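Analysis of the macromolecular model
The lines below spell out each chain.
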Amino acid sequence: MTVSRQSQLMKEAIQHMPQGVAENYRYWGDDRTVFVAHSKGCEITDCDGKKYIDFRLGYGPIILGYRDERVDRQVIAQITEQGTLSGFSTELDAQVVQQVKALCPQIQKMRFANSGTEAVMGAVRTARGFTKRDRIAIVEGSFHGLFDEMMWKSDLENWNPKGSAEPQVIPFGAGIPERTRSLVDFIRLNDFDGLENLFKNRQDSLACILLEPIIGNAGSISATPQWLQRLRDLCTQNGTLLLLDEVKTGFRVAKGGAQSLYGIYADLTTFAKAMGNGYPVAAFGGRSDVMDVVGSHKGGVVHGGTYTANLIAVRAAHATLQILSQTSALQTVNRLGQHVKEILGRVFTKAGIEHAFAGPPAMLGIHFTPDVPTNYRDWRVTNSSLYQKFSWQLIDRGVMLEPDSREPWFFCEAHQSMDLSWLEDVATQSIEAAKALV
Ligand SMILES: Cc1ncc(COP(=O)(O)O)c(C=O)c1O
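These remarks concern the structure in this document. (Residues numbered from 1 in each chain as written. Predicted model: local features only at pLDDT ≥ 70, side-chain atom pairs only at ≥ 80, totals over all residues. Heavy atoms only, no water.)

A closer look at the pairing of strand S14 (residues 282-286)
The buried count for S14 comes to 5 of 5 residues, which makes it a mostly enclosed element. On S14, burial covers both faces: Ala282, Phe284 and Gly286 on one face and Ala283 and Gly285 on the other are all buried. Pairing analysis gives 5 bridges linking strand S4 (residues 109-113) to S14, with the strands arranged antiparallel. Looking at the pairing, Lys109 lines up with Gly286 of S14. (Buried < 20%, exposed > 50% of the residue type's maximum accessible area, 1.4 Å probe, protein only. Helix = DSSP H or I, 4+ residues; strand = E, 2+ residues; numbered from the N terminus. Pairing = 2+ DSSP bridges.)

Some details on the environment of Asp72
Looking at the secondary structure, you find Asp72 in helix H2 (residues 69-82). On the basis of relative accessible area, Asp72 is assigned to the buried category, the value being 16%. A C-alpha to C-alpha distance of 24 Å links Asp72 and Glu118, two positions 46 residues apart in sequence. Only 2.8 Å separates the side chain of Asp72 from the side chain of Tyr279, close enough to count as a polar contact. (Polar contact = N/O pair within 3.5 Å; in protein donor to acceptor, adjacent residues only side chain to side chain.)

Some points on the nonpolar core
Of all hydrophobic cores here, the largest spans 105 residues; its most connected members are Met275 and Trp409. Each of domain 1 (34-63 + 328-437) and domain 2 (69-326) accounts for three or more of the residues forming this core. When residues no more than four places from it in sequence are discounted, the contact partners of Met275 are Val96, Val100, Met110, Phe112, Phe251, Val281, Ala282, Ala283, Ala316, Ala317, Thr320 and Leu321. Counting residues in each nonpolar core, the second largest holds 17 residues, with Val124, Phe147, Leu243 and Phe284 among its members. (Core = buried A, V, L, I, M, F, W, Y, C linked by side-chain atoms within 4.5 Å. Domains from an automatic or database assignment. Contact = heavy atoms within 4.5 Å.)

Here's the deal with the site of the ligand
Taken together, the neighbourhood of the ligand is formed by Ser115, Gly116, Thr117, Phe143, His144, Gly145, Glu212, Asn217, Asp245, Val247, Lys248 and Lys273. Between Asn217 and the ligand, the recorded distance is 2.9 Å, taken from a side-chain N or O atom to an oxygen atom. Taking Asp245, its side chain carries an N or O atom lying 2.6 Å from a nitrogen atom of the ligand. Look at the ligand: alone it shows 390 Å² of surface, and the protein chains cover 82% of it. In terms of residue class, the shell around the ligand is made up of 2 nonpolar, 6 polar and 4 charged. (Near = heavy atom within 4 Å. Areas by Shrake-Rupley, 256 points an atom, 1.4 Å probe, with all protein chains shown as cover. Nonpolar A, V, L, I, M, F, W, Y, C, P; charged D, E, K, R; others polar.)

Some thoughts on the pattern of salt bridges
Pairs may arise between side chains of opposite charge once their charged atoms sit close together. Scanning the model with the defined rule gives 22 salt bridges in all. Residue Asp292 is joined to Lys109 by a salt bridge in which the shortest nitrogen-to-oxygen separation is 3.0 Å. Taken together, the residues Asp292 in the loop between helix H8 (288-291) and helix H9 (311-326) and Lys109 in strand S4 connect sequence positions 183 residues apart. Asp292 sits in the partly exposed class, given a relative accessible area of 40%. Taking the relative accessible area as the measure of exposure, Lys109 reaches 36% and is therefore partly exposed. As a salt-bridge pair, Arg135 and Asp185 come within 3.2 Å of each other at their nearest N and O atoms. On the criterion of sequence distance, the pair formed by Arg135 in strand S5 (residues 135-139) and Asp185 in strand S8 (residues 184-187) is long-range, its members being 50 residues apart. No difference in accessibility class separates Arg135 from Asp185, as the two residues are buried. Bridged by salt links that share partners, the residues Arg232, Asp267, Arg287 and Asp289 form one connected network. (Salt bridge = Lys/Arg side-chain N within 4 Å of Asp/Glu carboxyl O.)

Take a look at the structure:
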């Protein structure tokens, strides 16, 4: 019997890292944890030589394609000709901010970060520094990164959707101090009463409301324009900042992100992921008067970090944003997402599976349920276990995705090369196989 490279690598890795992985979310079980050998375009190849068309795309950063030469060439030139880091400013910093400003009218000033988590931390601190208030509110089902205050969630897995009790709010895991929860309120997406009550109860104490308008971490379930507008108005009336987390949607769902689709704009915005086509760059920005509270002046908000605006990250952002703003890459991404949506819709209908799609095609939420979910609690009553079985069948057949319907399908420009009729065949086989397992 031949031993797979995967099992050899896992056996080795487990001796050196908890669960054998560099971070928790990569662990898919000892036998199924994926070790990638290389990636190109929309394809990844694992350590045993198996190829996958990838709709996971590293949780969303890949917007052009893996190893996009237009971006990589500029990054390589930056490394070899100019350098990666000095701990000083460069002219490139402000150039990238100008590129963002040209696409996103709500950004007047911006600062850089290394990850989505860091960008959110910076934005929340800025909101608190500006408003001189401590409390924040977040929306059930959203994800804003791994820092203690954001690591509380509604426990839908153990909640009875037919009962009258509210879901319990629990920490993501061990090590989260109970008191980090005390400044955070939860609201439900598209719940008007909840919104009014929140402002009634917390009128003078809310620094900001933080949300993903299209919840990239709950299957692209989206705010309605009416609810988002009411939220915008209430924030303005109460001196609370609206902080939209566009770490997943930014430079993906449209050049100007989710805000340009709604025509509703935040006081502060966070970006990461698609901003650098896979290079680790992130940012937060917004109104000048708000952002100007950041700085080393007396009473200023502290923001910094050794690797902040390192030149690999900033050069990658410069190259990526140039392509996204000057080419039709995002139109292609949306068109491909739309094609796949149509194909999957056909496949599910033929298989007699009730289904609904959520969110824009570039970040497509797929739910086995008759109606489009309107908030995270609706997701709980979708047939997510059938979706999970379908996903594993797809993965076995060479389609990579996250086997959890809370993670949308991501598209990149390089998906142009995929064979759509192959995808239709594979999806048909996978849904039939999944149904047989129920
Ligand atoms: C909306 C949102 N905010 C913040 C984060 C955290 O970003 P990072 O993983 O880069 O720290 C994520 C990560 O998926 C995210 O989806």
